[in-house]
Amino acid sequence: MVVLRAGLCPGLTEDMIQLLRANGIRTVVDFVSSDLEDVAQKCSLSYKALVAVRRVLLAQFSAFPANGADLYEELKSSTAILPTGSPSLDQLLDSGLYTGEVTELMGAPGSGKTQVSLGIAASVSLGLKQHVLFLDSTGGFTASRLYQMLQAQTEDEEEQARQVLGRLRLSFVLQLEALQRIQVVRVFNIYELLSALQELRDRLSQQVVSSTGPLKMVLLDSVSAVIYPLLGGRQSEGLALMMQLSRELKTLAREFSLAVVVTNQVTRDSSTGALKPALGRSWSFVPSTRVLLESKEGSTQRAASLAKSPRQPTGIQVELDIG
Amino acid sequence: MQREVDTLPLAPALRARLAAAGFQTAQELLDTGPCGLSKEIGISREEALEALQVVRQECHGDAARPAGGSGATRKYTALELLEEEQSQGFIITFCSALDNILGGGVQLTKITEICGAPGVGKTQLCMQLAVDVQIPECFGGVAGEAVFIDTEGSFMVDRVVDIAAACVQHCHLIAEAQQEEDHRKALETFSLENILSHIYYFRCRDYTELLAQVYLLPEFLSEHSKVRLVVIDGIAFPFRHDFEDLSLRTRLLNGLAQQLIIIANDHKAAVVLTNQMTTRIGQSQSTLVPALGESWGHAATVRLILHWDNSQRLATLYKSPSQKESTIAYHITSHGFRDVQLPAVTHSTEGTELNPRKRPRTEEEKQ
């Protein structure tokens, strides 16, 4: 419902808008759906000018249909699959994290969500040399743990590469570069999060390559920490903000070919006592893939099971080691 | 700025009116100006001016952020954070086993939660930390001050005097052994009166007072910039009794957690909370779990559970972003929190100088 304004398109002047408004046409929808001959007579404007304006407005504001074959070709060329650094998790996710989609990791406290997200960030930054944006809303991001993971991963790669000269210095430099490719933004409430996402969108659409480089992944740990204080009670704006956030994440993923990973909490179902993901039914439609992490007594092993996926059958379980 | 109107922090009624009038982005709002805005959506000029101020602040906040990031915007690369973390100190607890499993001690800028059954030593640990945060840097401390928010009334000054005296004596012994100039200089200011005068004590009687106190804390901390520890002893107590609306409780607790994280981050302070335990009754057995529900478990970054094993006190690190899960034994003496030394195990029943209102545990009662 965009209001008609001067400068919206080349033929639309301030006088035209005043005349149209006097006849009850205020928004683009009103204009496009009205009978132009009628309007030309009532407002004494030229018919040709109105038709030209309408054509430009339609081009600007309506969606164009695309056929399935073109869509398939486009997806084939723009979608990338990012390996997570853990072969069993990759197996669960059908070979990795798909760009253009939102993936969710959920689990009880201490089940390893932050650890798995740190591992994914380390693997994408070190292995694929892509930039990563980590949005931290819980204060759980520990750079020393990330460095530990990078060191562990560089050792694996070294064994495979078998380089001889300057190995130590090379691996240290690789780790430092990997750390510089991971940008961390601390957002502690929903408005800060939304403005951080807006800033990301502006940066990506202006294609400022210098400081950021090719961004491929956005990790948000955790989404429920910023949304929980708003939900419940009689206020409905919490739900609206949550949906606004989900729309922002999905359009970012789709438009700029990013893989978005989100972590979520679990709550206890009051009637059955079972654990269920937080944020309710409305949020459950947002991520296309959901993975549940469960801890086992007294070990660093975690059980990851697939709760929702567009490609794999649900209920597959694998073991992860976050040690 | 192409920021959508729905994402701006305006009142919901105002947002609904703006949406109905057809405004979509913040730029359109700024272009219209206060007069046009008040005419189109039917609000007074003052309200329109206020709304535009908020919008301008948000949008110029977005634009004014430099690419490199600064403290106010909280944007860093992982490398910068690593350097910061490595230069940060820890608050030691004087129990080296506990410090080891925590990775050096209680970390600054993070929320640590201590859960435990009554009488196991949560308040003792908090009082120990309030003294330890003041240890000068040359002895390995962070040389900060402490804020102690008490909701249960279990803070005993006499006990803090004992702990502080033991700590000062410990530092004197180190100084004598090492004979360095800065040690001696630091010891001149590190005295009993000094320690006690740098623990700021607040008493909150119900949850409203607690919420108000946490809300006013950032102002207090900007005046007292040396504070490095905020202890809330008994965060469960005001929220557990007489609370009819459980969803309100979850909302308040989550909001409180976010505020505490902001405080911990902005002022580089460690936040320590103590929680009670409750029983979860399952199908065949019942287990002791931390109170305040499942969602509260996500609020703290580091979770430590203190429990008994016959007459030995144990501490388990249950949740941490950088350390593994492990359990150690500790000991509470007249000097405070200490490691377990083998001959001292037999003293554990009488050495526990807890608050007089808690019964000392004896062998028969446990069986």
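Up top is the structure.
Report on the accompanying structure. Throughout this description, residue numbers start from 1 for each chain and increase along the sequence as written. Chains and ligands are labelled sequentially in the order written, the chains with letters from A and the ligands with numbers from 1. Local features in this predicted model are restricted to residues of pLDDT 70 or higher, and side-chain atom pairs are both shown and tallied only at a pLDDT of 80 or more, whereas totals for entire chains, interfaces and linings draw on every residue. The side-chain quantities take in all heavy atoms of the structure and omit both hydrogens and water.

1. Overview of the overall build of chain B
Phase 1: Elements are defined by DSSP. Helices are runs of H or I of four residues or more, strands are runs of E of two residues or more, and each kind is numbered from the N terminus. Across its full length, chain B holds 13 helices and 14 strands.
Phase 2: Every one of the 367 residues in chain B was classed for burial, and the buried ones make up 51%.
Phase 3: Within chain B, contacts between residues at least 6 apart in sequence are counted, and of these 64% link residues at least 24 apart.
Phase 4: If you sum the accessible surface of chain B, you get close to 16900 Å²; carbon and sulfur atoms cover 51% of it. With a 1.4 Å probe rolled over the protein chains alone, any residue whose accessible area is under 20% of its type maximum counts as buried; one over 50% counts as exposed, and the rest are partly exposed. Note on contacts: a residue pair is in contact if any heavy atoms of the two residues lie within 4.5 Å. Residue burial considers only the protein chains on display, and all accessible areas are found by Shrake-Rupley using a 1.4 Å probe.

2. Some words on the interface of chain B and chain A
Accessible area lost upon the coming together of the parts serves often as the stated size of an interface.
Phase 1: Taken together, the contacts link 55 residues of chain B with 62 residues of chain A.
Phase 2: Summed over both sides, the interface between chain B and chain A buries roughly 5000 Å², with carbon and sulfur atoms accounting for 52% of that surface.
Phase 3: Salt bridge criterion: a side-chain nitrogen from Lys or Arg within 4 Å of a carboxyl oxygen from Asp or Glu. The interface formed by chain B and chain A includes 1 salt bridge.
Phase 4: Salt-bridge contacts for Arg 302 of chain A lead to Glu 325 of chain B; the nearest nitrogen and oxygen are separated by 4.0 Å. Here's the idea: put two parts together, see how much 1.4 Å probe accessible area each one loses, and the total over both is what we call buried area.

3. Thoughts on the sheet that holds strand 3 (residues 102-107) of chain A
One key point about sheets: their strands pair by backbone hydrogen bonds, in either a parallel or an antiparallel sense.
Phase 1: Read across the open sheet, the 9 strands follow the order 12(A)-11(A)-10(A)-3(A)-7(A)-6(A)-4(A)-5(A)-1(B); overall the sheet is mixed. Pairing within the sheet leaves two strands with one partner each, and these edge strands are strand 12 (317-321) of chain A together with strand 1 (75-77) of chain B. Strand-to-strand twist in this sheet, taken as the mean axis angle between neighbours without regard to direction, amounts to 20°.
Phase 2: Where strand 5 (residues 182-186) of chain A and strand 1 of chain B come together, 3 bridges link them in antiparallel fashion. Note that in strand 1 of chain B the partner of Val 185 of chain A across the bridge is Lys 75 of chain B. Paired strands, as defined in this entry, are two strands with at least two bridges between them according to DSSP. Axis definition: a line fit to C-alpha positions, over the contact stretch in the case of helices; interaxial angles, taken between N-to-C directions, run 0 to 180 degrees.

4. Regarding the environment of Gln 312 of chain A
Residue and element names in this part refer to chain A.
Phase 1: Among the secondary structure elements, Gln 312 is positioned in the loop between strand 11 (301-308) and strand 12.
Phase 2: Residue Gln 312 is classed as buried on the basis of its relative accessible area of 18%.
Phase 3: Between the C-alpha atom of Gln 312 and that of Thr 289, which follows or precedes it by 23 residues, the distance is 9.5 Å.
Phase 4: N or O atoms closer than or at 3.5 Å make up a polar contact, with two conditions inside protein: a donor-capable atom paired with an acceptor-capable one, and, for residues adjacent in sequence, both atoms drawn from side chains. At 3.0 Å, the side chain of Gln 312 and the backbone oxygen of Gln 91 are in polar contact.

5. Re the nonpolar core
Phase 1: Throughout, nonpolar core names a set of buried Ala, Val, Leu, Ile, Met, Phe, Trp, Tyr and Cys residues whose side chains join them through atoms within 4.5 Å. Judged by nonpolar contacts, the single largest core of 50 residues is most densely connected at Ile 91, Leu 98, Leu 229 and Tyr 330 of chain B.
Phase 2: At 7 residues, the largest contribution of residues to this core is made by helix 7 (residues 157-178) of chain B.
Phase 3: Leaving out residues up to four positions away in the same chain, Leu 229 of chain B has contacts with Ile 91, Leu 129, Ala 130, Val 133, Glu 145, Ala 146, Val 147, Ala 269, Ala 270 and Val 272 of chain B.
Phase 4: In this structure, Leu 92, Val 116 and Val 184 of chain A together with Leu 79 of chain B belong to the second largest nonpolar core, which totals 41 residues.

6. Thoughts on the pattern of salt bridges
Residues and elements named next belong to chain A.
Phase 1: Within this structure, the stated rule accounts for 10 salt bridges over all chains.
Phase 2: We note a salt bridge from Arg 311 to Asp 94, for which the minimum N-O separation is 4.0 Å. Here Asp 94 lies in the loop between helix 6 (87-92) and strand 2 (97-98) and Arg 311 lies in the loop between strand 11 and strand 12, a separation of 217 residues in the sequence.
Phase 3: With a closest N to O distance of 2.8 Å, Arg 311 and Glu 101 form a salt bridge. Highlighted residues: Arg 311 in the loop between strand 11 and strand 12 and Glu 101 in the loop between strand 2 and strand 3, separated in sequence by 210 residues.
Phase 4: Owing to a relative accessible area of 34%, Arg 311 belongs among the partly exposed residues under this scheme.
Phase 5: Here the salt bridges do not stand alone but share partners, grouping Asp 94, Glu 101 and Arg 311 into one network.

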